[in-house]
Amino acid sequence: MAFDIDMIKGLYSNMAERVDKAREIVGRPLTLSEKILYSHLWDGNPTKEFKRGKDYVDFAPDRIACQDATAQMALLQFMQAGKPKVAVPTTVHCDHLIQAKSGAAADLKVANSTSAEVFDFLESVSNKYGIGFWKPGAGIIHQVVLENYAFPGGMMIGTDSHTVNAGGLGMVAIGVGGADAVDVMAGMAWELKFPKLIGVKLTGNISGWTSSKDVILKVAGILTVKGGTGAIIEYFGDGAKNLSCTGKGTICNMGAEVGATTSTFGYDESMERYLRATDRSDIADAANAVKEHLTADPEVYANPEKYFDELIEINLDELRPHLNGPFTPDLATPVGELGVKARENGWPIKVDWGLIGSCTNSSYEDLTRAASIAKQAVDKKIKAKSDFGINPGSEQIRFTAERDGLLQIFENLGATVFTNACGPCIGQWDRSDLKGDEKNTIVHSFNRNFSKRADGNPNTHAFVGSPEMVAAIAISGRLDFNPMTDTLLNENGEEVKLDEPLGIELPPLGFDVEDAGYLAPNEDGSSVVVKVDPKSERLQLLEPFTPLTPESLQGVKLLIKAFGKCTTDHISMAGPWLRYRGHLDNIANNTLIGAVNAYNKKTNFVKNQLTGEYVGVPDAQRAYKAAGIKTIVVGDHNYGEGSSREHAAMQPRHLGVAAVLVKSFARIHETNLKKQGMLGLTFANEADYDLIQEDDTFNFVDIAAFAPDKQLTLEIVHKDGSKDTIKVNHTYNQSQIDWFNEGSALNVIKRENVS
Ligand code: F3S
C-alpha cells in the first residue's frame, strides 16, 4: 500500500538536474518550495523562470488523495475518460460521512448502513481503476496520507483543503477541486499559478505548555485568514528542526486557515525518524542521499529577506500557548488573557466539550501529551467538568494508543472515543446535550471553528488549541483557566495544579495495527462492475455531454441576469445539498438558487419566458430544457468566486445552460466551464450588461468561426423586436475550443483513448 520506492528514487535522481537547471535559469539560490515546483514541471526540465503570483504553470503531481464526499463526483467524471486505470497513484479515504454520536463501534455501524451505497460505489470504482481504498473507520485522509504516502520533496494534490497537512513530511501538497483531480487521474497536466513565497523563521525551542499547534495559532493571528492567499509558507530555522514531524504536519495543516496554497518544511532528522517509525526506511535512505535538494540552498535561509516575498520570525522560547476563536481561527489569544476577552464579548466561560483529534492533531505525540494531562486529573482526583470526545486520526494510531493504554486514560475521565473519522470537525456530530440553539462554548484541537462547523449550532463558540490545552481547559470546565498559573479544587477539596504536559514523539514499541482498513485494487480491474443503483437518490452515473452546435446556439433564452456577487455557493449551494454530490440531476435542483435576479432583486425567482410566470431558477431551466431551448446566464464581476467546486459548472451544463456571459470571471470557475464544454464569455464593453433585458433572446451569430484570440458577436433580440449587437471576449485556446467542439474535456480524452 505504500509508495513505490522506485518512483521516489526516479524523482530524486531527476531532481539534481532539474534543481541545477532552475537555479541557473533564475540566477540565484532556490527556496525549498521552488526546488519542488521546478522539479515537478509537466514538461520536465525547466526552460524559463516563472513569475511568482503571475504565471500559470503546468505541473505533474506524484499522487492524488480524495475523501469520500468529494471523490464521488470526481470518480464519476473519471469514469467518463474511458481510461482503464488512473494515470497517477490515487487513494480514496472514507472519513467525512461518519457521524459521531455514541462511540466508534455503534457510529461506524450506522454509517456503514446509511451511506452503504456511497461506500460500495467508492470501493468498486477504486477496485476497477487501480485506486487504493481506505474503508470507513480506517482513518482521516490526511493522517493516513502522512503515515503511508507523504514523502520529502514530493508533490501531491487532494480533493480536500487540508491536503496541505503532508507538508509536515516536506511535500508540496495542495487541496484542489474534483475537476483538477480528474485531469491528473486521466493523465493531463495540473495547472497552478506559480505561488508567492512566505518564509517563517523559527528560532528557539518550544517547551512546557507550548506546542507546535501554538506556532500556527500565532501565525494565523499574524497573517489572518486571507494573509497566505496564493502563497506557499516555507518554515525554516533551528526552531523548525526541533519540532517533531507530526508537529510540522499540524502547522502545515492549518496553513489552510490563512488561505495559503500550501506550507512545507525542509527535510530533517524529525522526518527521517517518522519515516523509519512508519516502516519507510527505504524512503528515508533515499532522501538522505539527496538531502541538499530537499531543503533550500543555505544562502536562502541565511538571508531570507532577499528570497521570500514576506518574512515572519517567531522565537519559540517566547511563544505562549494560544486559544483561537470563536468563529474564526485567526482570532488568536494567549491562554491567560482569554477570560477578560470572553467577559468583554459575552462568550460563555463555561466549557461544555473538549474535543481532541481530527486530521490536525491526532499523532502519537499529541495523544501522549493530552493523556499526560488527563492522567493527572484522575491521579489528583479532579473530576472533569466538561465532556470529552476523541477522534483518532487513523486505525494505526487508535490501535497503538489503545495498546499503550492512552485511550484508557481518556476513558477513565469519561471520554467518548469516536470513530477514526472527521466527525465533529465537519459537523457530523449528533450532540445530545444541546436542546436547541443555546449559546455555549467548546474547545477543540481541530483546525476550523467557523459558525456551525462542529454541531450546526450558530451559537456554539468554538476555540482551537493544542490537544493538551484542550484537555486542561476541559478538565477545568472554564475558558479562563490558565493551567500554567491556576489551581483546581479536587474531590478532597484540595487545591491542585496540573503539571506541564509530557509527550512521546513516537511509540517506543513501534506502531501497530491489526487491520489498517486498506483494500488494494485489483491488478486488472476490467471485470469489476461499478456499483450504482439506478434508483439511488445519492449517486448517478454520468452521461457524456453532447456538443453545443451552432444551430443550438440560436434563439437562446436568458435564464437569469445575476446581480452583484455570484459565488460558487450561489450557483451550487452546500449545506443539505452535500448529500446529492454524487447525483448530478438531484443536486442540479439547487442550480443558481442563491443568485440574485437583477430585475427583482430576489433569489430563486425568475421569469420563465415560455409562460410569463415567475418560478425558481431550476424550474425555469427545466422548462427550457424540456422545450429543447438553450439558455444563457448573465453575471457581474468575479462570477464564480469561492471554491473550485466543479458542480457549479456541471449543473448548469446538465440542465442545458449553454453560455455564461459576465463582466469578469473567477479564473477557476471560468476554466471549469470550459472543461464542461460550455461558453464562458465576458462583455467586451462592460456597460453592455445594462442592455440585457428580462425577455431577451440571443443569437451567437459567428460561433461557427469560434477561434482563439477572436471576439464573438452576439445578437440580442429584445421583446419589442429591437436588437442590439455586441462583442464578447473569450480566453479559449485551441485545445479548449476542442473541448467545446467535443462537448467536454473528458470527451476529448475519451476520443484520444479510443483513436
Ligand atoms: Fe476531516 Fe476536519 Fe480534517 S473534516 S479532513 S478532520 S479538517
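Presented here is an overview of the structure given in this document. (Residues numbered from 1 in each chain as written. Predicted model: local features only at pLDDT ≥ 70, side-chain atom pairs only at ≥ 80, totals over all residues.)

Quick look at the overall build of the protein now. Secondary structure assignment for the protein yields 26 helices and 30 strands. The C-alpha radius of gyration of the protein comes to 27 Å, within 12% of the 27 Å expected for a compact globule of 755 residues. Judged by the C-alpha coordinates and their principal axes, the protein covers about 90 × 60 × 55 Å. Looking at the protein as a whole, 56% of its 755 residues are labelled buried. (Helix = DSSP H or I, 4+ residues; strand = E, 2+ residues; numbered from the N terminus. Rg over C-alpha atoms; globule rule 2.2 N^0.38 Å. Buried ≥ 20, exposed ≤ 12 C-beta atoms within 10 Å, placed from the backbone.)

The subject of this paragraph is helix α10 (residues 245-253). Across the nine residues of α10, nine count as buried, placing the element largely inside the fold. Every buried residue belonging to α10 is among C245, T246, G247, K248, G249, T250, I251, C252 and N253, and all of these are buried. Buried residues along α10 sit in contact with α6 (141-148), α8 (212-223), β9 (231-236), β10 (262-265), α11 (269-277) and α16 (364-379). (Contact = placed C-beta atoms within 7 Å.)

Let us look at the nonpolar core. Counting residues in each nonpolar core, the largest one holds 228 residues, and the members touching the most others are F410 and I632. Residues in contact with F410, not counting those within four places in the same chain, are A371, A374, F388, I390, A415 and V417. (Core = buried A, V, L, I, M, F, W, Y, C linked by C-beta atoms within 7 Å.)

This paragraph deals with the pairing of strand β29 (residues 712-717). Relative to β29, strand β28 (residues 697-700) is paired through four bridges, and the arrangement is antiparallel. Counterpart to F698 in the pairing with β29 is I716. Pairing geometry for β29 and strand β30 (residues 723-729), over six bridges, is antiparallel. Of the residues in β30, the one forming a bridge with V717 is K723. Counting the residues that bridge the hairpin from β29 to β30 gives five residues, and of these G721 lies at a positive phi of roughly 90°. (Pairing = 2+ DSSP bridges.)

With respect to the secondary-structure elements, P334 resides in strand β13 (residues 332-334). Overall, the presence of 16 C-beta atoms within 10 Å leaves P334 in the partly exposed class. When the C-alpha positions of P334 and K218 are compared, they lie 8.9 Å apart, and in sequence the two are 116 residues distant. Apart from residues lying up to four places away in sequence, P334 is in contact with R320 and H322.

This part covers the pairing of β9. In terms of burial, β9 is a largely internal element, six of the six residues being buried. Here β9 shows two buried faces, one formed by A231, I233 and Y235 and the other by I232, E234 and F236. Alignment of strand β8 (residues 196-203) against β9, held across six bridges, turns out to be parallel. By the bridge assignment for β9, V200 is matched with Y235. As a crossover connection, the stretch from β8 through α8 into β9 is right-handed. Sheet topology places β9 next to β10; four bridges connect them, and they run parallel. For E234, the partnering residue across the bridge sits in β10 and is T264. (Right-handed = clockwise from strand over helix to strand, strands pointing away.)

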